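# Structural characterization, general
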Amino acid sequence: MWLQAQKVQAYMVPDSAVTEGWLGFSFLARLCRLCLYTHRRMAITAEDVCLDRVLLIQEGFAVEEVPPENNLQIPGSDVTVQVTSGGASLLVRLPFGSHTQTFLREVRRRCSPGKKDATAADPEQSAAGEVTGAPRLKTANKMVPSSSVPASGPTQGLSTRPCGLRDTLVKSLLKQKESSYTHLQNFRFFVGTYNVNGQSPRGSLRPWLSQDGEPPDIYCVGFQELDLSKEAFFFNDTPKEEEWFKAVTESLHPGAKYAKGNKGGVAIRFQFHNSTVCVVNAHLAAHPEEYERRNQEVRDICARMQFHPLEPGCPLLAIKEHDVVLWLGDLNYRLEEQDMERVKKLIQTQDFQALHQHDQLKIQREAKLVFEGFQEGEISFQPTYKYNPGSDDWDDSAECRVPAWCDRILWSGKTVSLLSYQSHMALKNSDHKPVSAIFDVGVKVVDKKSYCKAFEGIVRSLDKMENASIPSVTLSKREFLFKDVKYLQLQVESFTISNGPVPCQFEFISKPNEDAYCKPWLIAKPSKGFLMPDSEVVIALELCVNKSTATALNSGEEKLEDILVLHLDRGKDYFLSVSGNYLPSCFGCPIQTLCYMKEPIREMLPEAIRELTLMPLLTDDAFWEEKPLDVPKELWMMVDLLCRSACHQEGLFQQPGLRPEFEQIRDWLDTGTLDVLGPVASNHSVAEALLLFLESLPEPVVCYKSYRSSLECANSYEMSSQVRQALREGQD
């Protein structure tokens, strides 16, 4: 079996049939080979990857760096290498960085003097030392992302210098001096959004995509409701993606040529010259009354969406950590409590300014409740929703939706200026109208000579630093106490790391015989990083008890106690003490335990909770003075409320509840402050609390040993009744 040693992303040089792929290095005993893998656009499965060719590492094998034009070496640029084996040759461009350096180092080590050349014959080897016509791969290794780390300067041959603290420091200093080697150059961005309501494209999209006389430099186009079929929902695949991709491609501005690509996710990021751009495509919650939920969804997207940087070891990047953010989509904000006829009258007189005063997004932004730091252009076009498909007539269905500006484009960035913001009435496929915005974006373009000058100056200054200096930091706090921790309620304590005169890398490391640096209910953000001299960073310790940790904390088997070890590269370790008290909760307790709890769990002694939680699953009722409840009171209260008031609730168990209401429900169940859950909680919040309750059970309602038999009998009422009777007898 061939063992895969290293793999790196590779780009074929122009004028080749292959444009992008992966270069892999593998070996078998003394045999070594380089394999070129190619893949189709948007590769997903192993069938999308092919083994294009194989070069055996044998006598005459060589890997040589191809110097750039004019011999001008740009530190941090990609590396072009010529690979030859016998009469076969391969010219590839590798992304500069630690992955490439490691890959080349391993190839050179295997081929270095003293290593016996791999000369054994391969049954499919051609005379040129190349294997061709290889079959499609049946397995696909995990691909390694490329990286880009500045080099130390012009090199002879291939550089194998390891990337570490020095590279990180060089990059940080280069970032500080960025203004000395970059200048702003305006590029035109077209940003468009279109909710197509599950329709296929009909006719050209040029009235939307090519309405301007001057072609844009970059198109950013987002769609919503591309396919509303259940197949698309379950299998995350749809033929309409290719239909719309083709329609967009054919409708781009004829005055320029574009390299096309599309994404199925909600956001992408890319680096354009020396500026970072993030494009977010969002489809938020519907209905006029759900503006708070839309606000929450925007906050969730900003908080949860993070990007892996190209450089290994760097912290994740959030949306707002980019130079330019373009946010588009069907944001679904409506008009506040407006009469249909009054709205139509204002539209007919084109008094959009008066109508815009009632726009939910405008109201929420002015109250700084959503999209803080973002801007939107002046709206001078009529609402984009809701029309009768195929026409410009307002919705006359039974729902009779009030017109609204659902489709919006916002941006953030200091170098962005809006040129136009409009809708496009000519497209009638959907019940929405597409919207576009044209921007001039100031992009930081690198001057190569100035960059080299700045880079060389930084390297010279670093050479003068004392390598023997030991980094040292000061911590603003070393002991952390989390009081009254509740189930699924995040608590955060922060402290500051202040660095001395020596740059340093820090990281929380695991203690001996432990896999992680902290207990599963705790996390440090960031858990590692780099500090410039005399700089500081704030570390947030986030504590949250969830279903995986609640049971042991309820029973007292585990406590909120931990010691964190903060390690400095080439420096000493610092120890931080974390402690707290957890308020027991019915969430995370076994069903049997709750059946024996006649009182709320908060009113019980810790010893009693521990005894009941650790009680065997099947216990003789005579062991206890009181007969247990047939159903836990907490479970009964939630189910009873849903049966009484939510049997006809639309979207029950599909629409999420509100976090503050869930916290109230949890506290009521744990403290018994309310005998019956009243109207203070919405049906959706109660339903979500019920799902979270069932999810937190250490043993499900249908216990593990009966789970398989229950599934096997699911299609037979008689057999299901027998299983149910067996479960009941086991509990009695």
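Residues numbered from 1 in each chain as written. Predicted model: local features only at pLDDT ≥ 70, side-chain atom pairs only at ≥ 80, totals over all residues. Heavy atoms only, no water.

## A word on the sheet that holds strand β21 (residues 491–499)
Put simply, the rule reads: In short, DSSP must find at least two bridges between two strands for them to pair. Helix and strand assignments come from DSSP, with helices taken as H or I runs of at least 4 residues and strands as E runs of at least 2, each series counted from the N terminus. Each axis is a line fitted through C-alpha atoms, taken for helices only over the stretch in contact, and angles between the N-to-C directions span 0 to 180 degrees.
On the basis of which strands lie adjacent, the open sheet formed by 4 strands has the order β19-β21-β25-β23 and antiparallel pairing. A strand with exactly one partner marks an edge of an open sheet, and here the two such strands are β19 (473–475) and β23 (522–525). The mean angle between the axes of side-by-side strands here comes to 25 degrees, regardless of whether they run parallel or antiparallel. Relative to β21, β19 runs antiparallel, the two sharing 3 bridges. Note on β21: the bridge partner recorded for L475 is I497.

## Focus on the pattern of salt bridges
When the charged atoms of two side chains with opposite charge come close together, those side chains can pair. Definition in use: Should a side-chain nitrogen of Lys or Arg be within 4 Å of a carboxyl oxygen of Asp or Glu, the pair is scored as a salt bridge. Burial classes: relative accessible area under 20% of the type maximum marks a residue as buried, over 50% as exposed, and values in between as partly exposed (1.4 Å probe, protein chains only).
If you walk through the whole model with that rule in mind, you get 25 salt bridges. Notably, a salt bridge pairs E178 with K175, separated by 3.6 Å at the nearest N-O pair. Among the salt bridges present, the one from R602 reaches D667, with a minimum N-O distance of 3.9 Å. Here R602, found in the loop between α13 (591–595) and α14 (606–613), pairs with D667, found in helix α16 (residues 659–671); they are 65 residues apart in sequence, far enough to count as distant. The class for R602 is partly exposed, based on a relative accessible area of 25%. With a relative accessible area of 18%, D667 lands in the buried category.

## What about the packing of helix α15 (residues 633–645) against helix α17 (residues 683–696)?
Here is the rule: Left-handed describes a crossing whose near helix is turned anticlockwise from the far helix by less than a right angle; the clockwise case is right-handed. In what follows, residue pairs with any heavy atoms lying within 4.5 Å of each other are defined as contacts.
Where α15 meets α17, the axes come as close as 10 Å, and the angle between the chain directions of the two elements is 145 degrees. Judged by the twist between their axes, the crossing of α15 over α17 is left-handed. For the pair α15 and α17, the contacting residues are E634, L635, M638, V639, L641, L642 and S645 in the first and N683, V686, A687, A689, L690, F693 and L694 in the second.

## Side note on the environment of C278
Considering the arrangement of structural elements, one finds C278 in strand β12 (residues 275–283). Leaving out residues up to four positions away in the same chain, C278 has contacts with I268, R269, F307, I319, H322, V324, V325 and L326.

## Regarding the sheet that holds strand β20 (residues 479–485)
Strand order in the open sheet formed by 5 strands is β20-β27-β26-β22-β24, and the pairing between neighbours is mixed. Where the open sheet ends on each side, the last strands, each with one partner, are β20 and β24 (528–531). Direction aside, the axes of adjacent strands within the sheet are offset by 20 degrees on average. The pairing of strand β22 (residues 504–509) with strand β26 (residues 561–568) spans 4 bridges and is antiparallel. Paired with E507 across the two strands is H567, which belongs to β26.

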